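Chains, contacts and geometry: an overview
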Amino acid sequence: MLDIVVLISGSGSNLKSLLEQAAAGAPFRVVAVGADCDAPGLAYAEAHSVPNFIVKPSDYTDRAAWGAEFAEKIKEFGVDAAKGLVVSAGLMRILPPNFIAEFSPRLINTHPALLPLFPGAHAVRDALAAGATETGVTVHHIDEGVDTGPVIAQTAVPVLDGDDEATLHERIKVAERQLLGRVISQFARGERNF
């Protein structure tokens, strides 16, 4: 059984899916949920009786101090660079180098595009603006760049006639939830190495 800590900033749709997959017998369990703000998705952690915590960057003098405290909170749940997995599933913040060093290579992220195409916060909008006929989702290791870490797995999603940012993003989210659960399960079963 692989222990995971999930990090969020928003609605928590990926978190909800991971909690449901774990409850249905996936080979991982969510031991805690961390957020950088009062994220609505924390309600899913509470509904599943999973401990959760908030570490707001505005409470710290700099990014490194915030990253150090965020890392300490995660390590309280037995997850570090040698065991467990930290899953950034909608955390809308660039993690500082000291945080990355604490957990790498056991630190992954999802991104709504086929990296290296369309990195950054507006991937779906950027794909549409570029006239892409296909985009998708990437699960990747987190490094110090913005969506530049080594790719673990990808799933393609076609861009359909009439798609706007909302409709395309919803289809990507479906693929994202499936891919993320599959990748974490593969790590848990030893089918992928960290």
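Provided above is the structure to which this section pertains.
First, a word on what this report is: a plain description of the structure on this page. (Residues numbered from 1 in each chain as written. Predicted model: local features only at pLDDT ≥ 70, side-chain atom pairs only at ≥ 80, totals over all residues. Heavy atoms only, no water.)

1. Section: the layout of surface pockets
Empty space among the atoms becomes apparent when a probe as large as a water molecule is rolled across them. Considered as a void within the structure, the largest pocket measures approximately 780 Å³ in volume. For the lining of the largest pocket, the secondary-structure elements that each account for two or more residues are α1 (13–23), β5 (107–111), α5 (123–129) and α6 (165–188). The element contributing the most residues to the lining of the largest pocket is α6, with four residues. Within the lining of the largest pocket, the residues separate by chemical class into 13 nonpolar, 18 polar and seven charged. (1 Å grid on protein atoms, 1.4 Å probe; cavity = no way out; pocket = protein on both sides within 12 Å on 5 of 7 lines; lining within 4 Å. Points joined across faces, edges and corners; volume = space filled by probe spheres on them. Helix = DSSP H or I, 4+ residues; strand = E, 2+ residues; numbered from the N terminus. Nonpolar A, V, L, I, M, F, W, Y, C, P; charged D, E, K, R; others polar.)

2. Some thoughts on the packing of aromatic side chains
Under the criterion given, the structure shown has six aromatic pairs. Taken together, a centroid distance of 6.0 Å and an interplanar angle of 10° make the contact between Phe53 and Phe77 stacked. Taken together, the residues span a long stretch of sequence, with Phe53 in strand β3 (residues 52–54) and Phe77 in the loop between α3 (63–75) and β4 (85–88) at a distance of 24 residues. By relative accessible area, which is 8% here, Phe53 ends up buried. Overall, Phe77 belongs to the partly exposed group, its relative accessible area being 25%. (Phe/Tyr/Trp six-rings, centres within 6.5 Å; stacked < 30°, edge-to-face > 60°. Buried < 20%, exposed > 50% of the residue type's maximum accessible area, 1.4 Å probe, protein only.)

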